[in-house]
Amino acid sequence: MIRLMLGAVMCLSVLSTASFAQSAKRKLTDREDLYGWEAIGRLDIGDQGFCTGTLIAQDLVLTAAHCAVEKRTGQIYAPGKLMFRAGLSAGKALADRKVVQIAIHPDYVHLPELSAASVRADVALMRLEHPIPYSVADPFALHSGRVAGNEVSLASYGRGRSEAITRERSCRIMQRQQGLISFNCDITFGSSGSALLARNGPRWQILSVVSAVGTDGRQKVGYGMELAGIVAKLKANLRRNAPQPKAAIRRLQVGSGKSNSGAKFISSGGS
């Protein structure tokens, strides 16, 4: 059984620094470094802080539910409050997009703030105002099937590394049980919502989302959830609750025989 000794990602400053080999992490500061990682972005929450999100489609960002909910009120952030900044480096993003629609796991707001159940439900999907072209960022696929070995990777923004993606090339899954995944990646404030990546052949794919962190007394331990079925339900919620398109009224131009849409009208005597 996974022993949950969780501390909220927002409270990481109270934890002692774990010993991780710095050579295992690399800041992706150049355009060449970003190649293949452009779909990871900083998710700015107004001027209140930030999380990390990952494109899974041209207009869909996967992140943690606690990055989508205002802590004081428990309400989902209003449209336009969050900004996804794909591949942000040195203050410049490859694409900036407002978040216009959010779906979170339906159980999340009804659970204790920090528990095994809340970690399992700590998933959100966000729709962007405009799609980001594939030529700018190639979205990540979700991982399915078994993970070969227990090696995973993490690429995120975080405290002290907020201006560029930092990628930890190799960390390890510690346990997978009861819908939870624990791992020893070096997560910090801002890593919330980042994708835990596992290899599937030559590609890295999304295995989980970073929800919380704790300690086992020796090292920092991160926690995420199994994603099977959750993302499909969130996509369905976004479709079901999508704003209806506004009806457009076109004025006929007097004497033109045409509408503004370019439609032609035919008289009784022929065209």
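Residues numbered from 1 in each chain as written. Predicted model: local features only at pLDDT ≥ 70, side-chain atom pairs only at ≥ 80, totals over all residues. Heavy atoms only, no water.

Caption draft 1: Broad picture of the overall build of the protein chain. Each helix and strand in the protein chain was counted, giving 3 helices and 15 strands. Of all 271 residues assigned to the protein chain, the portion counted as buried reaches 47%. Contacts spanning at least 24 positions in sequence make up 68% of the contacts within the protein chain whose residues lie at least 6 apart. Counting every atom, the protein chain has about 14,200 Å² of accessible surface; 51% of that belongs to carbon and sulfur. (Helix = DSSP H or I, 4+ residues; strand = E, 2+ residues; numbered from the N terminus. Buried < 20%, exposed > 50% of the residue type's maximum accessible area, 1.4 Å probe, protein only. Contact = heavy atoms within 4.5 Å. Areas by Shrake-Rupley, 256 points an atom, 1.4 Å probe, with all protein chains shown as cover.)

Caption draft 2: Up close: the packing of aromatic side chains. If you walk through the whole model with that rule in mind, you get 1 aromatic pair. Where Trp37 meets Phe140, the ring centres are 5.9 Å apart and the plane angle is 40°; that geometry is what we call tilted. With Trp37 in the loop between helix H1 (31-34) and strand S3 (40-45) and Phe140 in the loop between strand S8 (124-128) and strand S9 (151-158), the pair connects residues that are 103 residues apart, well separated along the chain. In this structure, Trp37 and Phe140 share a single accessibility class: buried. It is Arg42 that lies over the ring of Phe50; its NZ or CZ is 5.4 Å from the centre. (Phe/Tyr/Trp six-rings, centres within 6.5 Å; stacked < 30°, edge-to-face > 60°. Lys NZ or Arg CZ within 6 Å of the ring centre and 35° of its normal.)

Caption draft 3: How the structure looks around the pairing of strand S12 (residues 195-200). Sheet topology note: the S9/S12 ladder contains 2 bridges and is antiparallel. Looking across to S12, one finds that Ser153 is bridged to Leu197. A loop of 2 residues connects S12 with strand S13 (residues 203-209), the two strands running antiparallel in sequence, and Gly201 in this loop sits at a positive phi of about 70°. (Pairing = 2+ DSSP bridges.)

Caption draft 4: Up close: helix H3 (residues 230-240). Buried within H3 are the following residues: Ile230, Val231, Leu234, Asn237 and Leu238. Down the axis of H3, the smallest arc covering the buried residues is 115°, so these residues share one side. In H3, those exposed residues whose orientation departs by more than 90 degrees from the buried face are Ala232, Lys233, Arg239 and Arg240. Buried residues along H3 sit against strand S4 (50-57), strand S5 (60-63), strand S7 (95-104), helix H2 (116-120), S8 and strand S15 (220-225). (Arc of directions from axis to C-beta.)

Caption draft 5: Quick peek at the state of the cysteines. Overall, the coordinates contain 2 disulfides when judged by the stated rule. A sulfur-sulfur separation of 2.1 Å characterises the disulfide bridge that pairs Cys51 with Cys67. Taking the sign of the torsion about the S-S bond as the criterion, the disulfide between Cys51 and Cys67, at about -90°, is left-handed. Highlighted residues: Cys51 in strand S4 and Cys67 in the loop between S5 and strand S6 (82-86), separated in sequence by 16 residues. Among the residues examined, Cys51 registers a relative accessible area of 6% and is labelled buried. Classification of Cys67 by relative accessible area gives buried; the value is 0%. Cys171 shares a disulfide with Cys185; S-S distance 2.0 Å. Measuring the twist about the S-S bond at about 75°, one finds the Cys171-Cys185 disulfide to be right-handed. Here Cys171 is found in strand S10 (residues 161-177), whereas its partner Cys185 is found in the loop between strand S11 (180-183) and S12, with 14 residues between them in sequence. Judged by relative accessible area, which is 0%, Cys185 ranks as buried. Each bonded cysteine of the protein chain gets a number by its place in the sequence, and the pairs then read 1-2, 3-4. (Disulfide = S-S within 2.5 Å.)

Caption draft 6: Structural detail: the pairing of S7. Most of S7 sits out of view: 7 of its 10 residues are buried. Where S7 and S8 come together, 5 bridges link them in antiparallel fashion. Across the sheet, Gln101 pairs through a bridge with Arg127, a residue of S8.

Caption draft 7: Looking closely at the confidence of the model for the protein chain. When the pLDDT values of the protein chain are averaged, the result is 81; 77% of them are 70 or greater. Low confidence marks residues 1-23, where pLDDT is under 50. Its contacts with residues over four positions away, or in another chain, come to 56 contacts. A low-confidence stretch, residues 256-271 stays under pLDDT 50, and its non-local contacts, those more than four residues away or across chains, total 15 contacts. (pLDDT = per-residue confidence, 0-100.)

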